[in-house]
Amino acid sequence: EGRNVFAGAERGRTRVGERLSSLPLTISSGPGAGGLPGTPFVAVTSSEPGLTSVYDDGADVATTDWVRDGVLQRLVYPRSGARRSGTDFAFPTQNLVVDAGATDSVADLVARTERGLLLTTLWYIREVDTESLLVTGLTRDGVYLIEDGQVKGMVNNFRFNESPVGLLRRATEASAAVPCLCREWNDWFVYTVAPALRIPDFNMSTVSKAY
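Engineer: Kindly report on the overall build of the chain, identifying the contributing residues and their values.
Structural biologist: Along its length, the chain carries three helices and 13 strands. Rg of the C-alpha trace for the chain: 18 Å, near the compact-globule value of 17 Å for 211 residues, within the 12% margin. Projected onto its principal axes, the C-alpha positions of the chain cover 55 × 35 × 30 Å. Split into buried and exposed, the 211 residues of the chain put 36% on the buried side.

Engineer: Outline the state of the cysteines, supporting the account with residue identities and numerical values.
Structural biologist: If you walk through the whole model with that rule in mind, you get zero disulfides. Cysteine Cys-180 is unpaired, with the sulfur of Cys-182 as its nearest cysteine sulfur at 7.6 Å. Cys-180 gets classed as partly exposed once you look at its relative accessible area, which sits at 36%. By relative accessible area, Cys-182 is classed as buried at 19%.

Engineer: Provide a residue-level description of the packing of aromatic side chains, including the pertinent values.
Structural biologist: Evaluated as defined, the whole model comprises two aromatic pairs. Ring centres 5.7 Å apart and planes at 55° place the aromatic pair Phe-160 and Phe-202 in the tilted group. Taken as a pair, Phe-160 in strand S8 (residues 157–162) and Phe-202 in the loop between strand S12 (197–198) and strand S13 (204–208) lie far apart in primary sequence, 42 residues in all.

Engineer: Go over the sheet that holds strand S10 (residues 178–180), please, and point to the residues and values.
Structural biologist: Reading across from one edge, S3-S2-S1-S4-S11-S10 is the order of the six strands in this open sheet, with mixed pairing throughout. Looking at which strands have only one partner, the edges of the open sheet turn out to be strand S3 (71–72) and S10. By the bridge criterion, three bridges tie S10 to strand S11 (residues 191–194) in an arrangement that is antiparallel. Opposite Pro-179, over in S11, you have Val-193 as the bridge partner.

Engineer: Quick one: what's the story with the environment of Ser-21, residue by residue and with numbers?
Structural biologist: When you line up the elements, Ser-21 lands in the segment before strand S1 (26–29). Ser-21 sits in the buried class, given a relative accessible area of 3%. Between the C-alpha atoms of Ser-21 and Asn-156, which are 135 residues apart in sequence, the distance is 30 Å. Apart from the residues within four sequence positions on either side, Ser-21 is in contact with Gly-70, Leu-168 and Arg-169.

Engineer: Describe the environment of Ser-85, naming the residues involved and giving the relevant values.
Structural biologist: Summarising the element assignment, Ser-85 is placed in helix H1 (residues 79–85). Residues Ser-85 and Tyr-55, spaced 30 residues apart in sequence, show a C-alpha to C-alpha distance of 18 Å.

Rules and cut-offs
Residues numbered from 1 in each chain as written. Predicted model: local features only at pLDDT ≥ 70, side-chain atom pairs only at ≥ 80, totals over all residues. Heavy atoms only, no water. Helix = DSSP H or I, 4+ residues; strand = E, 2+ residues; numbered from the N terminus. Rg over C-alpha atoms; globule rule 2.2 N^0.38 Å. Buried < 20%, exposed > 50% of the residue type's maximum accessible area, 1.4 Å probe, protein only. Disulfide = S-S within 2.5 Å. Phe/Tyr/Trp six-rings, centres within 6.5 Å; stacked < 30°, edge-to-face > 60°. Pairing = 2+ DSSP bridges. Contact = heavy atoms within 4.5 Å.

So, in C-alpha cells, the structure goes:
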C-alpha cells in the first residue's frame, strides 16, 4: 500500500530483490537458525495488522532468510495477506541471526578507527516515520570515545535519529557475529546473534542525561 519503508516505487510492488547493503549481510530467523533455539510453529496471542494473526497460531514456520548477501529476500506475511499478495506465508520466530561472514573482532574494528564512538546499547527505541522506518532512541550502558585506534574514555549518552534500513545501506564494515542480547526488543527476539557494524556519520541528534 506504499505506507512503509519496504514499499516499491510502483504501487502494489515491494522492495524484495533490492540490495539494502553493500556488505554480504544475511538476516535470518526460524527453527535452528544459527544454531539457536526456535519454535517451529507460530505462537501469537493477538493480531497485529499486516504482521500477525491469531488465526495463524500453531502454523508451521520454516527458517527464513529475510536478507541474503545484502539483498532483501522476503517480507513478513500472515497467511491471509500472503494469499492476497500471491506469495508465501512468512513469519519471524523468537530468534534472529545477523551475519556478514566477517571474522574480525570488535577490537579489530576499533584498532582501524581514527576517531569515532563505540556504542554498546541502544534502547527506548520508538518509530517516528513508517515510510523511512526512522526511529529515535537513546544510548545506554557505555559510550566510548575512540581516537587513533584506541578507546580513550567514556563519554555522555546521546539521543539518536536513524533508520535501520538506512544504517544497513551505509554500513562499511562488520565484525564477526556473536551471541548477544537484543536489549530493546528481547520480548520478540529472545535469542540473537549479530556483529558490530561500522556506520559513518551516525546521527546523534542531542546529548542525553540518561544513565
